[in-house]
Amino acid sequence: MADYKGVLPEVFIHFPENTMAVDLNKVMILGRCASDVDVKKIESTGSSVVNFSVATNRRYKNKEGNVIEEAEYHRCVAYGTSADILAKYLHKGKRVYVE
């Protein structure tokens, strides 16, 4: 087995080759709805699809001491019952939490 000490974070766990490891990627976005929602219906199933974007802000000081504020936009899609609820209540400027 290779020596991973000092190369990887301390939380690294080595799984033997015959063991199945599970990966997890999780994102939490808290920001404001950047545009009005785009609602569409899937004709074959009749369920709703909602497209919207969420803006998040980041503020920091650069080397000169100036405050820099940047916005990042995240495109999101919701289906089914979630889409119906978002279409009813979500609008531009409204605070939203996406997980």
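Since the model is a prediction, treat every value here as computed from it, not as a measurement. (Residues numbered from 1 in each chain as written. Predicted model: local features only at pLDDT ≥ 70, side-chain atom pairs only at ≥ 80, totals over all residues. Heavy atoms only, no water.)

Undergrad: Any chance you could explain the pattern of salt bridges here in plain terms?
TA: Side-chain pairing between opposite charges can occur once the charged atoms of the two side chains come close. For the coordinates displayed, the defined rule picks out four salt bridges. A salt bridge links Glu 99 to Lys 26; its shortest N-O distance comes to 3.4 Å. Here the residue Glu 99 occupies a position in the segment after strand S5 (95-98), and Lys 26 occupies one in the segment before strand S1 (29-33), the gap between them amounting to 73 residues. Here Glu 99 falls in the exposed class, since its relative accessible area comes to 57%. Note on Lys 26: relative accessible area 56%, which makes it exposed. (Salt bridge = Lys/Arg side-chain N within 4 Å of Asp/Glu carboxyl O. Helix = DSSP H or I, 4+ residues; strand = E, 2+ residues; numbered from the N terminus. Buried < 20%, exposed > 50% of the residue type's maximum accessible area, 1.4 Å probe, protein only.)

Undergrad: I tried to follow the pairing of strand S2 (residues 38-41) on my own but got confused; where do I start?
TA: Regular strands show a simple pattern: their side chains alternate between the two faces of the sheet. Two strands pair when backbone bridges link them, and S2 and strand S3 (residues 48-61) are joined in this way by four bridges, in the antiparallel orientation. Paired with Lys 40 across the bridge in S3 is Val 49. Between S2 and S3, which pair antiparallel and follow one another directly, the connecting turn spans six residues, one of which, Gly 46, has a positive phi of 80 degrees. (Pairing = 2+ DSSP bridges.)

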